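Coordinate inspection notes
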Amino acid sequence: MTFDIFVIPFFGGLLFLLAVLFIRFTAWLATLDKSGRKKLGHGLLNGQIFPATWEVFMESLLHRRMFKQNKLLGFMHMSFAFGWFLLIVLGNLESRIYSGGHVNPPYYPIFLKFFVHDKRTLPFELYTLPGFFRFIMDFVLLFILSGLVLALIKRVRSKWFGMKRTTQHSRFDKWAITSLWLIFPLRLLAESFTAGAYQGGGFLTNTLGTFFAAFLPVEYLYYPAWWAYSTALGVFFVTLPWSRYMHIPTEVLLIYLRHFGIKTGKKPDSFSEIEIYSCPRCGVCIDVCQMNSAGRTSSTPAYFLRSLRYGNPDDEQNANCMLCGRCHEVCPVQIDTLAIRIAARYEDNKLLVPSFKYLDQFDPSDTTADILYFAGCMGHLTPAVKKAMLKILTASGERFSFMDEDGSVCCGRPLLLAGLHEAAAELIRKNTDLITRSGAKTFVTSCPICYKVFNEEYKLPGVEILHHSQYLLRLVESGKIKVNNTGITAVYHDPCELGRGSKIYNEPRWLLDRMVTINKTEQERENSLCCGGSVGDLSMNHTERNVIRDEALKVLLASEPDILVTACPLCKKTFDNGTETVVMDIAEVVSERLQPASKTELSAAVEIAG
Amino acid sequence: MNRKIAVIGGGAAGLEASSALTSLGFRVVLVEKEDETGGHIKNWHALFPNRRPGVEVLDALRSKLGSDVELFSGKTVTEIKPVNDRFELSSADGWKTEADAVLLTTGFSLFNARKKEEYGYGIYDNVITSAELESAFSTGKIAMKSGEQPKRIGFVHCVGSRDEKVGNIYCSKVCCVTAVKQAIEIKQYLPDCEVFCFYMDMRMFGRHYEELYKEAQEKYYIQFIRGRLSESTEDHTGKIILKVEDTLLGKPLKIGVDMLVLMVGMEPAEITKNLGTQLGLVSDSDRFLVSTDQHISANISEIPGLFFAGTCTGPKNIADTLADARSAALAIAGYFDNNHNKS
């Protein structure tokens, strides 16, 4: 017997799901932009398939990043994904024992225990092939059920899984999760009842079957149980494309495309849609998002992406994000939440057309300088930083020119963060012209916001872009300036754009280490909190920003350091209004501890530089 | 025995309330954290709107204190404890006293201009605060760091006031008219000096203030530019270059001045905040203390027997502060008439 009518809910559901996936995936791939299609074709041929497949195995099945987040949470996800995968693969192998090795219809291995009542071996005879499979299949089912138990516990004790908050689910999600959670207990019941009726099954199903048979009419119950199992599978498959579980197939596609080098562009595109559909709404991002502290939970990435997926993000969800990148850092799927948010803003802000008339007043000046110093707009709002840099640059003996001494063209980053990339391109074009024609080889800026955009969006061949923390470290290491250690304690705050944004964590610390004793803080480097002053957010008021600022200050100042050091003028300004502790930029710390270099050292340094 | 009232703070409000309370028959313990009474007035050379010397008002207030006022100076009250209808007070150095009622006249502090880093206070030599200019008037020497006389001075209104970014959304009330007064005084000391005032809007709320503003424009040719300063830089000659938008012309301006005066606003004094926290008093988002009703019982706190007067409940000019102090004295008298007839 290889067919029964009860397989129809499963089989129909599966065919429906495959059809929907085929249509969706084809539509996504077909609407990739030109460079995306090129990358896709190239990626398929140049061997990227292999590392991508490895990542699919490690992430989609084993959930390695989830494990990093929390072991219990990782195990829960792995037991469902990897367990189900094993159930399918091993079930298929097992079914071939009984079907003579040829390929079976998809429902046959799934409902194998209904179709085959193997009584040739005893339940615990592991050394025979059927016995081994019976054991391993029961074991895998138990493995999945352990994950299910954890999932139920997580509902009430999410803290055990490292999560303060979990995602609130939509209606489709509720249908899907209910059917998903029923699938494996129903399989257990169906197999156990069948085992009870026919004395089959492995260590688990046989034991349970014998137990149920003692007081239940299992011979009448097993058939409805198989119906229920099939129906649960069918319902899950039908609801999957509209629920968060769409992330299961989509993430696989995402991993391949990402390995091929495809990224979310400046406007919403089909790749950003793939990223949006890949969000499992696991909720890991919700806890790390400081929007919660400000009472704006609906703007956290999980909910924002959900709104995007169902097509109705409100303006506030779009605008309300510091773009600090903490969510991207912890996301198990590594969804580029920042790029998606910025692309979504394009739609909101595209009607804004700024004027560029003022650009004409800036002319490139011919300088003989090697170093071009750019304070940036924020640098001009913190004159102490600017003054410190000029003092250090003068002391270093380097030939420098102060590019924006007399006003400047904005770097373009604030416009980019608002999604206005066409307007930003105008500024980038102008600044590129000014920098290229200055002839300088090194460009140093005090502002991490500027640094990121000069580093990533500008094409300046032959010009090295440095943040002042990197440059100052270089000056100290090369002996062009000397600093002393005054023995005071300091904590260092990683600015979002410099740390997570540009991966510069070490240079400021190495530099500071020569001047102060650095106290560690509970959340630093990749986990550093946002200061609350970000130009990335377009909707928060100051009261809400202050909540975020104070939260960060609490963590930073826990060790009661003498000074709080940062490397971003905006962080400095923001923190300075929230604490009595002295807040300094790293350049000011250097400037205060600058030692007069002896003449011989100075000329030696000049020679090295020459 | 006469009832004893502790007045915390010997500035304008504390002095006026103390003499009012004694004339109502109370004994007063006046506690001042500094060595001398007078609060901010003692550092203020001349008062708006008529530019009379601050010391004149201060002398008048001090001379009204009779022998029923026991003055303790150099004492910072750190704790006020309500105990059985009375209060036990103690200071940081261990001094103690008791009182039947307490009047907080703890006042304000000036906004720390360093918090507005883009204006360059503490960074550039010739950026000073309005309080520092007032001291300069006392010495009669208006000069730049180099010793030269400034040829052009800018006044920036609303420094630390009406500025969400520094956490102060409120208006400090007195800075506009102070700027006008100081601008005129500059012109009197240095008739050739050009004076610019950068303002958001001119809040000339008191009697004769508007006349003073008119006089500043018509008689002294002081230039008032509507626009908030965005940032200042120092050029190689030490000139302060201001970036500001003239919002009436709708044009960005760049202007160099020899000296920049920041009109720093009022914030609740540290002691106001500390005692408020210690007593569990309500304070608003502006951090000033809150009375039970801002119209009808502006001097009465949530704690029976504890009263407020002066700028601990928000920015006030001197005349309003003195009126508020007398009103507090009456509120205290009323408190004993209504609630404590038995003793």
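Along every chain, residues carry numbers that run from 1 in the direction the sequence is written. Chains carry letters and ligands carry numbers; both start at the beginning, A for chains and 1 for ligands, and go up in the order they are written. Local features in this predicted model are restricted to residues whose pLDDT is 70 or higher, and side-chain atom pairs enter the listing and the counts only when it is 80 or higher, whereas totals over whole chains, interfaces and linings include all residues.

1. A closer look at the overall build of chain A
- Put simply, DSSP H or I for four residues or longer makes a helix, DSSP E for two residues or longer makes a strand, and each gets a number counted from the N terminus. Looking only at helices and strands, chain A has 29 helices and 10 strands in total.
- Counting only C-alpha atoms, chain A reaches 95 × 50 × 45 Å along its principal axes.
- With 610 residues in all, chain A has 48% of them scored as buried. With C-beta atoms placed from the backbone, a residue is buried if 20 or more other C-beta atoms are within 10 Å of its own, exposed if 12 or fewer are, and partly exposed between those counts.

2. Quick word on the overall build of chain B
- The secondary structure content of chain B amounts to 7 helices and 20 strands.
- Rg of the C-alpha trace for chain B: 22 Å, near the compact-globule value of 20 Å for 343 residues, within the 12% margin.
- Counting only C-alpha atoms, chain B reaches 70 × 35 × 35 Å along its principal axes.
- Looking at chain B as a whole, 46% of its 343 residues are labelled buried.
- Residue pairs in contact within chain B that sit at least 24 positions apart in sequence constitute 66% of those at least 6 positions apart. A radius of gyration in this sense is built from C-alpha atoms; the matching globule rule multiplies 2.2 Å by the number of residues raised to 0.38. We call two residues in contact when their backbone-placed C-beta atoms lie within 7 Å.

3. Overview of unusual backbone geometry
- With an omega of -5 degrees, the peptide bond between Phe 48 of chain B and Pro 49 of chain B qualifies as cis.
- Tracing the chain through its elements places Pro 49 of chain B in the loop between β3 (46-47) and β4 (52-53).
- Positive phi, close to 55 degrees, is recorded for Gln 199 of chain A, a residue that is not glycine.
- Tracing the sequence through the fold places Gln 199 of chain A in the loop between α9 (171-198) and α10 (203-213).

4. So, the sheet that holds strand β4 (residues 464-467) of chain A
Residue and element names in this part refer to chain A.
- Judged by pairing direction, the sheet is parallel, and its 4 strands sit side by side in the order β2-β1-β3-β4 without closing on themselves. Bordering the open sheet on either side are β2 (400-402) and β4, each of which pairs with just one other strand. With direction set aside, neighbouring strand axes in the sheet form an average angle of 25 degrees.
- A pair of strands is considered paired only if DSSP assigns at least 2 bridges between the two. Relative to β4, strand β3 (residues 442-445) runs parallel, the two being bridged by 4 bridges. Bridge pairing in β4 places Thr 445 opposite His 467. Axis lines are fitted to C-alpha atoms, over the contacting stretch for helices. Their N-to-C directions set the angle, which ranges from 0 to 180 degrees.

5. Notes on the confidence of the model for chain B
Residue and element names in this part refer to chain B.
- Values of pLDDT, ranging from 0 to 100, describe the predictor's confidence in every residue of the model. Averaged over all residues, the pLDDT of chain B equals 94, while 98% of them reach at least 70.
- When the elements of chain B are averaged for pLDDT, helix α6 (residues 270-279) gives the smallest value, 92, and strand β18 (residues 259-264) the largest, 98.
- Predicted complex, confidence summary: ipTM 0.83, pTM 0.85.

6. What to know about the pairing of strand β16 (residues 240-246) of chain B
All names here are of chain B.
- The pairing of strand β15 (residues 229-234) with β16 spans 5 bridges and is classified as antiparallel. Its bridge partner being in β16, Glu 234 is matched across the sheet by Ile 240.
- With antiparallel pairing between neighbouring strands as the criterion, β15 and β16 make up a hairpin whose turn holds 5 residues, including Gly 238 at a positive phi of roughly 90 degrees.
- Where β16 and strand β17 (residues 251-257) come together, 7 bridges link them in antiparallel fashion. Along β17, the bridge assignment pairs Ile 240 with Val 257.

7. What about the interface of chain A and chain B?
- Each partner contributes to the interface: chain A provides 11 residues, whereas chain B provides 11 residues.
- At the level of secondary structure, the elements contributing two or more residues to the side of chain A that touches chain B comprise α19 (376-381), α20 (383-396), α26 (542-556) and α27 (569-576) of chain A.
- The element best represented in the side of chain A that touches chain B is α20 of chain A, accounting for 3 residues.
- Across the side of chain A that touches chain B, the residue classes break down as 3 nonpolar, 5 polar and 3 charged. By the convention adopted, Pro, Cys, Tyr, Trp, Phe, Met, Ile, Leu, Val and Ala count as nonpolar, Lys, Arg, Asp and Glu as charged, and the other residues, Gly among them, as polar.

8. As for the domain arrangement of chain B
Residues and elements named next belong to chain B.
- Per the annotation, domain bounds derive from an automatic or database assignment of domains. Assigned domains of chain B: these are domain 1 (4-107 + 269-339) and domain 2 (113-266).
- Inter-centroid distance (C-alpha atoms) of domain 1 to domain 2 is 31 Å.
- Listed per partner, the contact involves 12 residues of domain 1 and 19 residues of domain 2.

9. Structural notes on the pairing of strand β8 (residues 563-566) of chain A
Residue and element names in this part refer to chain A.
- Sheet topology note: the strand β6 (residues 489-492)/β8 ladder contains 3 bridges and is parallel. By the bridge assignment for β8, Val 491 is matched with Leu 564.
- Taken together, the 4 bridges between β8 and strand β9 (residues 582-585) define a ladder with parallel strand orientation. Across the sheet, residue Leu 564 finds its bridge partner in β9, namely Val 583.
- The crossover handedness rule: strands pointing away from the viewer, path from first strand over the helix to second strand clockwise, crossover right-handed. Assessed by its sense of winding, the connection that carries the chain from β8 through α27 to β9 is right-handed.

10. Considering the sheet that holds strand β7 (residues 517-518) of chain A
- Spatially, β7-β6-β8-β9 (chain A) is the arrangement adopted by the 4 strands of the open sheet, whose pairing is parallel. For this open sheet the edge positions go to β7 and β9 of chain A, each flanked by a neighbour on one side alone.

11. Brief notes about the environment of Ser 158 of chain A
All names here are of chain A.
- Tracing the chain through its elements places Ser 158 in the loop between α8 (129-156) and α9.
- Through-space distance from the C-alpha of Ser 158 to that of Leu 73 is 9.3 Å; in sequence the pair is 85 residues apart.
- For Ser 158, the contacting residues outside a window of four places in its chain are Met 163 and Thr 166.

12. Describing the nonpolar core
- With 248 residues, the main nonpolar core has Leu 103 and Leu 262 of chain B as its most contacted residues.
- At 11 residues, the largest contribution of residues to this core is made by helix α11 (residues 218-239) of chain A.
- Not counting the four nearest positions on each side in its chain, Leu 262 of chain B is found in contact with Ala 113, Tyr 119, Tyr 121, Val 127, Thr 129, Ser 130, Val 156 and Val 159 of chain B. Put simply, a nonpolar core is buried Ala, Val, Leu, Ile, Met, Phe, Trp, Tyr and Cys residues tied into one set by C-beta atoms within 7 Å.

13. Points about helix α5 (residues 209-218) of chain B
All names here are of chain B.
- Residues of α5 that are buried: Tyr 209, Tyr 213 and Ala 216. Buried residues in α5, looked at end-on, bunch into an arc of 60 degrees, giving them a common side. In α5, the exposed residues that point more than 90 degrees away from the buried face are Glu 211, Lys 214 and Glu 218.
- Against the buried residues of α5 lie α4 (175-189). Note that the arc is defined by the directions from the helix axis to the C-beta atoms.

14. Examining the packing of α4 of chain B against α5 of chain B
Residue and element names in this part refer to chain B.
- At a closest axis distance of 10 Å, the pairing of α4 and α5 adopts a crossing angle of 40 degrees. Of the possible angle classes, the one that applies to α4 and α5 is oblique. Regarding α4 and α5, the two cross each other, and that crossing is left-handed. Only Tyr 209, Leu 212, Tyr 213, Glu 215 and Ala 216 of α5 make contact with α4, whose side of the interface consists of Val 177, Val 180, Lys 181, Ala 183 and Ile 184.
- Classifying every residue of the contact of α4 with α5 gives 8 nonpolar, no polar and 2 charged. Small angles under 35 degrees read as roughly parallel and large ones over 145 as roughly antiparallel, with 65 to 115 read as roughly perpendicular and the rest as oblique. In this scheme the handedness of a crossing depends on how the near helix is turned from the far one: anticlockwise by less than a right angle means left-handed, clockwise means right-handed.

15. As for the environment of Tyr 451 of chain A
Residues and elements named next belong to chain A.
- Position of Tyr 451 among the secondary structure elements: in helix α23 (residues 448-456).
- C-alpha of Tyr 451 to C-alpha of Leu 594: the two residues are 143 residues apart in sequence and 24 Å apart in space.
- Setting aside anything within four residues of it in sequence, one finds Tyr 451 in contact with Thr 445, Ile 465, His 467, Leu 498 and Ser 502.

16. Points about the packing of α9 of chain A against α10 of chain A
All names here are of chain A.
- Between α9 and α10, whose axes approach to 7 Å, the crossing angle comes to 70 degrees. In terms of axis orientation, α9 runs roughly perpendicular to α10. The chirality of how α9 crosses α10 is right-handed. Contacts from Glu 191, Ser 192, Phe 193, Ala 195 and Gly 196 in α9 reach Thr 205, Asn 206, Leu 208, Gly 209, Thr 210, Phe 212 and Ala 213 in α10.
- Its residues placed into classes, the contact of α9 with α10 shows 5 nonpolar, 6 polar and 1 charged.

17. What to know about the environment of Gly 74 of chain A
Residues and elements named next belong to chain A.
- Tracing the backbone shows Gly 74 in helix α5 (residues 71-99).
- C-alpha of Gly 74 to C-alpha of His 63: the two residues are 11 residues apart in sequence and 6.1 Å apart in space.
- Those residues within four positions of Gly 74 in sequence are excluded, and the remaining contacts are His 63, Met 66, Phe 67 and Gln 69.

18. Describing helix α13 (residues 270-277) of chain A
All names here are of chain A.
- Most of α13 is tucked away: 6 of the 8 residues are buried.
- Turning to α13, its buried residues are Phe 271, Ser 272, Ile 274, Glu 275, Ile 276 and Tyr 277.
- In this structure, the buried residues of α13 make contact with α1 (8-30), α2 (34-45), α12 (247-259), α15 (301-309) and α18 (337-349).

19. Topic: the confidence of the model for chain A
- When pLDDT is averaged across chain A, the result is 90; 96% of the residues are at 70 or more.
- Low pLDDT, under 50, characterises residues 605-610 of chain A; the stretch is placed with 6 contacts to residues that sit more than four places away or in other chains.

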